[in-house]
Amino acid sequence: QERHSVVCGDGFPKARLMFIGEGPGEEEDKQGIAFVGRAGQLLSNMIKAMGFDRNSNTPENAVFIANIVKCRPPGNRNPSEQEAAACLPFLQRQIELVKPQVIVLLGAVALHFLLNKTGISKCRGTWLDYQGIPVMPTFHPAYLLRFESQKTMFISEKRKVWNDLQQVMARMKLPSSAK
């Protein structure tokens, strides 16, 4: 009821790589685009470092970004079970249409609602599966931003995410011309 926008997703609809977060934040709700706030800027930098381009229209180096829920939960809280259940069929259809080669789950909420697993700290960096698609869970960019003022911790946690993303790149065998 408090949302301004329904945020369906962002990116190329036939991308080989798909990122899934939990839900739109304040900036995403205002702009109607997934991952455009501070966490989105960090995600965009990670995507670029991987050799992909968030604005590309070619499947080889494009990405598609979606969320578990399509509307910002009140107070920016985690989505409820009911909210996620209402949006999951839409996300499942997005995955079916995009047909990504790999999915990266961003954070505990995405891990819980898409794969019914808990414990992002123990699951991150480990390959999982969603209907035959390899899935790499990793920390959400917003989690990393919590440590920005603690340089050592920020670097340590960011390195874990980069290690996870390197596994994704190796699995996808990105052509050297796109790196």
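Refer to the preceding data block for the structure.
In this text the structure is predicted, and so the values were computed from the model without any measurement. (Residues numbered from 1 in each chain as written. Predicted model: local features only at pLDDT ≥ 70, side-chain atom pairs only at ≥ 80, totals over all residues. Heavy atoms only, no water.)

### Observations regarding the pattern of salt bridges
The condition that has to hold: A pair is scored as a salt bridge if a Lys or Arg side-chain nitrogen falls within 4 Å of a carboxyl oxygen belonging to Asp or Glu. The way it works is that DSSP assigns letters per residue, a run of H or I at least four long becomes a helix, a run of E at least two long becomes a strand, and they are numbered from the N terminus.
Scanning the entire structure with this criterion turns up eight salt bridges. In this structure, D10 engages R54 in a salt bridge whose closest nitrogen and oxygen atoms are separated by 3.1 Å. Of this pair, D10 sits in strand β1 (residues 10-11) while R54 sits in the loop between α2 (38-49) and β3 (63-67), and the two are 44 residues apart along the sequence. Between E26 and K30 there is a salt bridge, with its nearest N and O atoms 3.6 Å apart.

### Quick notes on the nonpolar core
Cut-off, in case you're wondering: Within this scheme, the nonpolar core is defined by two criteria: the residues are buried Ala, Val, Leu, Ile, Met, Phe, Trp, Tyr or Cys, and they are joined through side-chain atoms within 4.5 Å. We call a residue buried when its accessible area falls under 20% of the maximum for its residue type, exposed when it is over 50%, and partly exposed in between, using a 1.4 Å probe and counting protein chains only. It only takes one pair of heavy atoms within 4.5 Å for two residues to be counted as in contact.
Residues L17, F19, I20, I68 and L114 are the most contacted members of the largest nonpolar core, which totals 58 residues. Setting aside chain neighbours within four positions, we find F19 in contact with L43, I47, M50, V63, F64, I65, A66, V104, L106 and L165.

### Observations concerning the pairing of strand β2 (residues 17-21)
Note the following rule: At least two DSSP bridges between two strands are needed for those strands to be called paired.
For β2, the tally of buried residues reaches five of five residues, placing the bulk of the element in the interior. The two faces of β2 match: L17, F19 and G21 on one face and M18 and I20 on the other face are all buried. Note: β2 against β3, five bridges, orientation parallel. Residue G21 lies in a different strand from β3, and its bridge partner there is N67. Relative to strand β4 (residues 102-106), β2 runs parallel, the two being bridged by four bridges.

### Some remarks on the environment of W127
Condition: N or O atoms within 3.5 Å of each other form a polar contact, as long as, within protein, one can give a hydrogen and the other can take it, and as long as residues adjacent in sequence are counted only when both atoms are side-chain atoms.
Looking at where W127 falls in the secondary structure, it is placed in the loop between α5 (120-123) and β5 (128-130). Separated by 37 residues in the primary sequence, W127 and D164 place their C-alpha atoms 9.4 Å from one another. Setting aside its immediate chain neighbours within four residues, W127 contacts V102, P134, V135, M136, Q167, V168 and R171. For W127, the side chain forms a polar contact with the side chain of Q167, separated by 3.3 Å.

### Looking at the packing of α2 against helix α7 (residues 151-172)
Our working rule: A fitted line through C-alpha atoms represents every axis, and for helices the fit uses only the stretch in contact; the resulting angles, taken between N-to-C directions, go from 0 to 180 degrees. Between 65 and 115 degrees an angle is taken as roughly perpendicular, under 35 as roughly parallel, over 145 as roughly antiparallel, and anywhere else as oblique. Helix crossings get a hand from a simple test, with the near helix turned counterclockwise from the far one by less than a right angle marking a left-handed crossing and a clockwise turn marking a right-handed one. Each residue is assigned to one class: nonpolar for Ala, Val, Leu, Ile, Met, Phe, Trp, Tyr, Cys and Pro, charged for Asp, Glu, Lys and Arg, and polar for all the others, Gly among them.
Where α2 contacts α7, the axes come no closer than 11 Å and their chain directions differ by 45 degrees. In terms of orientation, α2 and α7 fall into the oblique class. At the point where α2 passes α7, the crossing takes the right-handed sense. On α7, the residues that touch L42, M46 and A49 of α2 are K158, V161, W162 and L165. Of the residues contributing to the contact of α2 with α7, the split by class is six nonpolar, no polar and one charged.

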